[in-house]
Amino acid sequence: MRIFDLRSDTVTHPTEEMRIAMANAEVGDDVFEEDPTINKLEAMAAERFGKEAAVYVASGTMANLASGLAHCQRGDEAIIGAESHIFQNEAGSLSALGGVHIRTVPNDNLGMMDPDEIEAAIRPDNIHQPRTALISLENTQNRCSGAVLDSVYTEQVASIAHSHDIALHIDGARIFNAAVALSVSVSDLVRTADTVSFCLSKGLSCPVGSLVCGTRDTINLVRRNRKLLGGGMRQAGIIAAAGIVALETMVDRLSEDHESARILAKGLASIPSLVINPEMIQTNIVIFDVKTGPIPELLSALKIKGVLASYTGGRGVRMVTHYGITPEDIEEILNIVEAVA
Ligand SMILES: *Cc1c(COP(=O)(O)O)cnc(C)c1O
């Protein structure tokens, strides 16, 4: 039986071209900054994002944490979305390891925090209160059905941050999905950000790795924080080689995942027991509500028929499209869901 694993785009496997590049990668000791493959990947990423420098790290969580630690001192406050991955899904790392106080602002269903609410959350200069040091955006917004933030909104938030001398970080785990959906370059989306992180191991299909891009000084700090967190790697060009192939070959095809997600969302909308507005699906994450019945049982019934999806809490189920799932597969997936739901 064919298994359609829609739990996440993290389930994607490296392509044949990646495996060949990995096998043949030139390597060195990256803690000494002597791994030519990592150096090349970092230079490619910095150029692509329009930043001075970049650093390769083990995961998106480490990228966000090492960036947050570069911007915040212990006791400082970070303003982040209530639905953000940093707040919801990173084990409280910025608080646990950085002593950073987290202030959440609600995300609307398009993933946006109201700029007025962001500004209102910034602390005055008052010894009773923490100092606001960081505002973080997420693009695409994972828990808001992969919603896209455009550069106009991002620049609006950046100007609020910078007028208060606060850094702006973008958790861009899936920022290439945003850029492809908007038909802009990633550098357009992050021009005003102080740091941006992105994942190679999601829709870009690499086995491991994320990068952080920013000014040379900030990236030096992030590199130091990577070491602090135990993330210094040695001949990791072996894994970074896949990242080079990803940036060269796996970005433009993300539009296929978005097309599959649109077809999936439309099909789900026609199933009476499910609730979804297909117009809301901008990238590769499809979240829908199930009107009645226990969700774990529905997920088990789907699994028996070969469709893996995940539970998002409440009445929500999430399906993510990715490399290896074709529009034809979506027809089959919809038949299975219709039979079970
Ligand atoms: C996956 C993800 C991360 C973290 O990536 P890991 O590599 O799993 O640590 C961060 N932010 C967002 C929005 C993500 O989807």
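Residues numbered from 1 in each chain as written. Predicted model: local features only at pLDDT ≥ 70, side-chain atom pairs only at ≥ 80, totals over all residues. Heavy atoms only, no water.

Considerations on the overall build of the chain
Put simply, the rule reads: Secondary structure follows DSSP: runs of H or I at least 4 residues long count as helices, runs of E at least 2 residues long count as strands, and numbering of each begins at the N terminus. We compute the radius of gyration from the C-alpha atoms alone; for a globule the expected value is 2.2 Å times N to the 0.38, where N is the number of residues. Working definition: with a 1.4 Å probe on protein chains only, accessible area under 20% of the residue-type maximum means buried, over 50% means exposed, and in between means partly exposed. Here a residue-residue contact requires only that any non-hydrogen atoms of the pair lie within 4.5 Å. Areas reported here follow the Shrake-Rupley algorithm with a probe of radius 1.4 Å; residue values treat only the protein chains shown as occluding.
From N to C terminus, the chain includes 14 helices and 13 strands. Taking 20 Å as the expected radius of gyration for a compact globule of 341 residues, we find that the chain reaches 20 Å, a close match to that expectation. Judged by the C-alpha coordinates and their principal axes, the chain covers about 55 × 55 × 35 Å. Across the 341 residues that make up the chain, the buried fraction comes to 55%. By sequence separation, contacts in the chain at least 24 residues apart represent 73% of the contacts at least 6 residues apart. For the chain, the computed accessible surface area is about 14500 Å², with 50% contributed by carbon and sulfur atoms.

Overview of the environment of Glu26
Structurally, Glu26 can be placed in the loop between α1 (16-23) and α2 (36-49). Among the residues examined, Glu26 registers a relative accessible area of 57% and is labelled exposed. Between the C-alpha atom of Glu26 and that of Cys206, which follows or precedes it by 180 residues, the distance is 18 Å. Once residues within four sequence positions are removed from consideration, Glu26 is found in contact with Asp35, Pro36 and Thr37.

Some points on the domain arrangement of the chain
One frequent convention defines the size of an interface as the accessible area lost when the parts assemble. The criterion, for reference: Note that domain bounds follow an automatic or database assignment of domains. Put simply, buried area is how much 1.4 Å-probe accessible surface two parts lose in total, over both of them, once they are put together. By definition, a salt bridge exists where a carboxyl oxygen of Asp or Glu is found within 4 Å of a side-chain nitrogen of Lys or Arg. Two N or O atoms form a polar contact when they lie within 3.5 Å of each other; inside protein one atom must be a possible hydrogen donor and the other a possible acceptor, and for residues adjacent in sequence the pair counts only when both atoms belong to side chains.
What the domain assignment reports for the chain is domain 1 (13-249) and domain 2 (253-340). Measuring from the centre of the C-alpha atoms in domain 1 to the corresponding centre in domain 2 gives 28 Å. In this complex, domain 1 contributes 20 residues to the contact, which on the side of domain 2 involves 13 residues. Buried area between domain 1 and domain 2, both sides added, is near 1400 Å², and the carbon and sulfur share of it is 56%. When residues of domain 1 are sorted by the area they lose upon contact with domain 2, Ser145, Asn177 and Val180 head the list and together hold 34% of the total. Inspection of the domain 1/domain 2 interface yields zero salt bridges. The interface formed by domain 1 and domain 2 contains four residue pairs in polar contact (both at pLDDT 80 or more).

Concerning the site of the ligand
Cut-off, in case you're wondering: Any residue with a heavy atom lying within 4 Å of a molecule or strand is counted as near it. By the convention adopted, Pro, Cys, Tyr, Trp, Phe, Met, Ile, Leu, Val and Ala count as nonpolar, Lys, Arg, Asp and Glu as charged, and the other residues, Gly among them, as polar.
In the vicinity of the ligand there are 13 residues, among which Gly60, Thr61, Asp171, Arg174 and Lys202 approach most closely. In this structure, Thr61 approaches the ligand through a side-chain N or O atom, which is 2.6 Å from an oxygen atom. Separating an oxygen atom of the ligand from a side-chain N or O atom of Asn142 is a distance of 3.0 Å. No other element matches helix α3 (residues 60-71), which puts three residues into the shell around the ligand. Of the residues that constitute the shell around the ligand, the class distribution is two nonpolar, six polar and five charged.

Some points on the sheet that holds strand β12 (residues 310-313)
Our working rule: For two strands to be treated as a pair, DSSP must find no fewer than two bridges joining them. To define axes, lines are fitted to C-alpha atoms, for helices over the stretch in contact only, and angles between the resulting N-to-C directions are given on a 0 to 180 degree scale.
Judged by pairing direction, the sheet is antiparallel, and its four strands sit side by side in the order β9-β10-β13-β12 without closing on themselves. Bordering the open sheet on either side are β9 (274-275) and β12, each of which pairs with just one other strand. Summarising the sheet, strand β10 (residues 285-290) and strand β13 (residues 316-320) pair through five bridges and their orientation is antiparallel. Residue pairing in the sheet places Ile285 in a bridge with Val320 of β13. Packed onto the sheet, helix α13 (residues 295-304) meets β10, β12 and β13 and runs at close to 30° relative to β13.

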